[in-house]
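One-letter residues, chain by chain:
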Amino acid sequence: MHLMQTLMCSVSLCFCRKAQYQRIGSMSLSPSAPERCVSRDSMEDYWSEMKSIEEERQGGPEEQTERSSMDEAELEEAWLQEAGLSTLVTGTQSDGPAEALLSTLTRSQAAMVKKRLDNYTQTLRKRNRQPTRHVRDVFSTPDASVSANRCFIPVSNQGPAVQKVSCLYVCPVPPPCAADTNGSGSASETILLSFDVPYSEAARAHQKGRECQDCRRIRKDDRDSPVFQIVRPRQGMTRVRDLSSEDIKKIGYISLIELTTFYDFLSIEMKRNRVVRSRARDSGIFGVPLTTLLENDQKKSPGSRVPLVFKKLLSKLEQTGLQTEGILRVPGSASRVKHLRQELELKFYEDRFDWDQVRQNDAAGLLKMFIRELPNPLLTQQHLPAFTAAQSISSPKHQIQALHLLIMLLPEANRDTLKALLEFLRKVVAYEEKNRMSLWNVSMIVAPNLFTFRGKNAKQEEMQGAVAAAQLVRLLITHQDLLWTVPCFLISHVRKMNEAAMGKKTPASEKSKRRLLKRWSMEKDRERSEVNLRDGVIRVHAPLHAKVSMAIQLNAEMKARDITARFDGENGRGSRSASRRQRQYLFEIGGNIGERCLDPDAHLLDVYRVNPHCEWVLKSWAS
């Protein structure tokens, strides 16, 4: 009875809030919400979606969750583990990335790790427990007053301009928060984004309460949103999918440390939700963890990166629903959607499900239901507060930078599934004239499904964050290509981590010794075969071409696309076999990177200089 009264109060509050928003029209929600004009239609979309979700929750089974209380030490321990620094807590020495990671951090990032480890240690002491490793054992810098723009970077990676100071090395850092904008207050402002320097270094001006030119608030509507222009690095742009899974995992470690440092400079508390353990299913479709779904899907379709049923729902909507008026907004029949859900559970993996019976609005309902019922939200339970906090950042540039780091630290399955969703939503908006779904309409409808707050304050958080959540979805849709590009400074961290790990790695077993000896033998053979190659000359291997390798002299302007064009020319211009062959890309493999598919516009001499010991391979990209 008490539960029903609480639920009815929540529903009443929901509709009271709806009426309130109808009265205030385009006024901002609260001092913390984005100060942007929101149409009444957009707010209607949001509250209609909330009503549908509420009705579904009332009719469905009660969520079974196992809640565990976590004190401050446990929260800090969880942060250290996710940052790849678990050995600082356990005290064990392993082949993990902790030591290599610590050697690559900037002074600001290292100070943040020290702060978290200090907090963990002090909390343990209050509980009369001895920490496994004292913070002094990890950070033994000789002078705490050393300037914050110095980095823990090996000597071999630095140029002649680097000045040695004790165990630290000076890193050139541009003035904090320089005015990287063209024009002043113009209607179509262009903001330059550089990926060369960690975002936290540019935000250091906020450390003492100062404000930079980037941080002025821009109040514009959809048409006048700032345009972000990326300063293209000479080593080429790198998409998330261009890197190996091992290197992407390291990107996640660094991104968490960098985001925490970045938020600290912006005076934003880096909150973390306690991970709620759900009694998740290990088979079926709805309510199954993404990782479990992908494990099951890969048995049927090896290499799957997005759940098959999710891809099929998106495909169905793209084929039949992009031009349907109100797609995503107009709900399908609740009874039909429920029936189709049961049919999917029973027949999808047996290839007996009849997709012809699924109408566009039914598919949209199933898609949103799939997202909502994930045991761990698509944006992850632990990082939802960090996503929500990004809406309070007044500078559009800093806001995008925060979202960029958040995307980088998402688990691979979550990030790939989110990208598939955003690509579809961008197509929906592209057909706005036909389907009457503007960017704001789509964002308002998707927001309650993505930002699924869980816990005792869920209702209040959902309602307070209505427009703020929609604004984040809007940014994700609009800037998804930028957000899925890996910044150069993160790749630089990974290269240094790999170099540091290679320098300390020793074979732990006879098998690993044999593998290492074999690798050394292959490297010696390659060196003998290329003894005549001069500095700046590379050998490109192309196993799928008639001419399987070629020595190429690099120059300052040679790009990756020039190599592929040369191989295509050598193997027959315009030949039928060449036209049928899958598109080839140039990869750098090994050395200080696992594998990286090179941007066609990457300047190869610049890549060669940062990774002189890699192999150069021309091959197709595995999607």
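Residues numbered from 1 in each chain as written. Predicted model: local features only at pLDDT ≥ 70, side-chain atom pairs only at ≥ 80, totals over all residues. Heavy atoms only, no water.

Asker: Residue-level account of the overall build of the protein chain, with values.
Answerer: Looking only at helices and strands, one finds 26 helices and 13 strands in the protein chain. For the protein chain, the residues scored as buried account for 49% of the 623 residues in total. In the protein chain, 76% of the contacts between residues at least 6 apart in sequence involve partners at least 24 apart. About 31,000 Å² of surface is accessible on the protein chain, with carbon and sulfur atoms providing 49% of the total. (Helix = DSSP H or I, 4+ residues; strand = E, 2+ residues; numbered from the N terminus. Buried < 20%, exposed > 50% of the residue type's maximum accessible area, 1.4 Å probe, protein only. Contact = heavy atoms within 4.5 Å. Areas by Shrake-Rupley, 256 points an atom, 1.4 Å probe, with all protein chains shown as cover.)

Asker: Summarise the packing of helix H3 (residues 72–82) against helix H6 (residues 107–126); cite the residues concerned and give the values.
Answerer: The contact between H3 and H6 brings their axes to 8 Å, and the two run at 145°. For the crossing formed where H3 meets H6, the hand is left-handed. Contact residues: Glu-72, Ala-73, Glu-76, Glu-77, Trp-79 and Leu-80 in H3; Val-113, Arg-116, Leu-117, Asn-119, Tyr-120, Thr-123 and Leu-124 in H6. Considering only residue class, the contact of H3 with H6 consists of 7 nonpolar, 2 polar and 4 charged. (Axes fitted to C-alpha atoms, helices over the stretch in contact; angles between N-to-C directions. Left-handed = near helix turned anticlockwise from the far one by under 90°. Nonpolar A, V, L, I, M, F, W, Y, C, P; charged D, E, K, R; others polar.)

Asker: Explain unusual backbone geometry residue by residue, including any values.
Answerer: For residues besides glycine, phi is generally negative; the peptide bonds are generally trans as well. Phi is positive for Leu-328, which is not a glycine, with a value near 80°. At Thr-380, a position not held by glycine, the phi torsion is positive, near 70°. Along the polypeptide, Thr-380 turns up in the loop between helix H13 (360–372) and helix H14 (384–389).

Asker: Explain the pattern of salt bridges to me, and be specific about the residues and the numbers.
Answerer: If you walk through the whole model with that rule in mind, you get 24 salt bridges. Ionic pairing is found between Glu-373 and Arg-341, a salt bridge with its closest N-O pair at 2.6 Å. Of this pair, Glu-373 sits in the loop between H13 and H14 while Arg-341 sits in helix H12 (residues 334–347), and the two are 32 residues apart along the sequence. Judged by relative accessible area, Glu-373 falls into the partly exposed class, the value being 22%. We note a salt bridge from Arg-426 to Asp-481, for which the minimum N-O separation is 3.1 Å. Placement of Arg-426 in helix H16 (residues 412–430) and of Asp-481 in helix H21 (residues 480–483) is noted, with a sequence separation of 55 residues between them. A relative accessible area of 33% means that Arg-426 is categorised as partly exposed. Because the salt bridges share partners, they merge into one network encompassing Lys-419, Glu-423, Arg-426 and Asp-481. (Salt bridge = Lys/Arg side-chain N within 4 Å of Asp/Glu carboxyl O.)

Asker: Any details on the nonpolar core? Residues and values, ideally.
Answerer: The biggest cluster of nonpolar side chains holds 130 residues, and the ones touching the most others in it are Leu-85 and Tyr-263. For this core, the leading source of residues is helix H9 (residues 245–265), giving 10 residues. Apart from residues lying up to four places away in sequence, Leu-85 is in contact with Leu-80, Ala-98, Leu-101, Leu-102, Val-113 and Ile-257. One finds Ala-542, Phe-567, Leu-598 and Leu-618 within the second-largest nonpolar core, a separate group that totals 20 residues. (Core = buried A, V, L, I, M, F, W, Y, C linked by side-chain atoms within 4.5 Å.)

Asker: Go over H9 with me, naming the residues and quoting the values.
Answerer: End to end, H9 covers 30 Å across 21 residues, agreeing with the expected 30 Å (1.5 Å per residue, within 8%). Burial within H9 is extensive, with 17 of its 21 residues counted as buried. (Expected span 1.5 Å × (residues − 1).)

Asker: Outline the packing of aromatic side chains, listing residues and values.
Answerer: Applying the stated rule across the entire model yields 7 aromatic pairs. Among the aromatic residues, those joined into a cluster by ring pairs are Phe-348, Tyr-349, Phe-353 and Trp-355. The side chain of Lys-300 reaches across the aromatic face of Phe-348, ending 5.6 Å from its centre. The side chain of Lys-619 reaches across the aromatic face of Phe-587, ending 4.6 Å from its centre. (Phe/Tyr/Trp six-rings, centres within 6.5 Å; stacked < 30°, edge-to-face > 60°. Lys NZ or Arg CZ within 6 Å of the ring centre and 35° of its normal.)

Asker: Account for the packing of helix H11 (residues 308–320) against H13, naming residues and giving values.
Answerer: Orientation of H11 relative to H13, taken along the N-to-C sense of each, is 150°, at an axis distance of 9 Å. Viewed along their axes, H11 and H13 adopt a mutual orientation that is roughly antiparallel. In the crossing of H11 with H13, the sense of the turn from one axis to the other is left-handed. For the pair H11 and H13, contact is made by Val-309, Phe-310, Leu-313, Leu-314, Lys-316, Leu-317 and Thr-320 and by Gln-360, Ala-363, Ala-364, Leu-366, Leu-367, Phe-370 and Ile-371, respectively. Among the residues making up the contact of H11 with H13, the classes are represented as 11 nonpolar, 2 polar and 1 charged. (Parallel < 35°, antiparallel > 145°, perpendicular 65-115°, else oblique.)

Asker: How would you sum up the pairing of strand E12 (residues 593–597)? Please name residues and give values.
Answerer: Of the strand pairs in this sheet, strand E11 (residues 584–590) and E12 are connected by 4 bridges, and their pairing is antiparallel. Bridging from a neighbouring strand, Phe-587 pairs with Cys-597 of E12. The loop that links E11 with its antiparallel partner E12 comprises 2 residues; one of these, Gly-591, has a positive phi angle of about 75°. (Pairing = 2+ DSSP bridges.)

Asker: Give a detailed account of the sheet that holds E12, specifying residues and quantitative values.
Answerer: On the basis of which strands lie adjacent, the open sheet formed by 5 strands has the order E10-E9-E13-E11-E12 and mixed pairing. On the outer flanks of this sheet lie strand E10 (549–553) and E12, each paired with one strand and no other. Each strand axis lies, on average, 25° off the axis of its neighbour in the sheet, ignoring direction. Bridge analysis of strand E9 (residues 537–541) against strand E13 (residues 615–620) gives 2 bridges, and the strand direction is parallel. The partner of His-541 across the bridge, within E13, is Val-617.

Asker: Could you give an account of the pairing of E10, with specific residues and numbers?
Answerer: Going residue by residue along E10, you find Met-550 and Ile-552 tucked away on one face and Ser-549, Ala-551 and Gln-553 left uncovered on the opposite face. Where E9 and E10 come together, 5 bridges link them in antiparallel fashion. From the neighbouring strand, Arg-539 faces E10, where its bridge partner is Ala-551.

Asker: Outline the confidence of the model for the protein chain, listing residues and values.
Answerer: Of all residues in the protein chain, 67% have pLDDT values of 70 or greater, and the mean over the chain is 77. Ignoring residues within four places in sequence, the model shows residues 141–186, a span with pLDDT below 50, making 85 contacts including any to other chains. The model gives residues 528–533 a pLDDT under 50, and that stretch makes 4 contacts with residues more than four places away or in other chains. (pLDDT = per-residue confidence, 0-100.)

Asker: Explain the side chain of Asn-611 residue by residue, including any values.
Answerer: You can see Asn-611 is positioned in the loop between helix H26 (604–610) and E13. Of note is the side chain of Asn-611, whose polar atom sits 3.1 Å from the backbone nitrogen of Asn-592. (Polar contact = N/O pair within 3.5 Å; in protein donor to acceptor, adjacent residues only side chain to side chain.)

Asker: Residues and numbers for H3, please.
Answerer: Within H3, the full set of buried residues consists of Ala-73, Glu-76, Trp-79 and Leu-80. For H3, the angular spread of buried residues about the axis comes to 120°, placing them on one side. In this structure, the buried side of H3 is in contact with helix H4 (87–90), H6 and H9. Immediately beyond the C-terminal end of H3, within one or two residues, lies Gly-84, with a positive phi of roughly 80°. (Arc of directions from axis to C-beta.)

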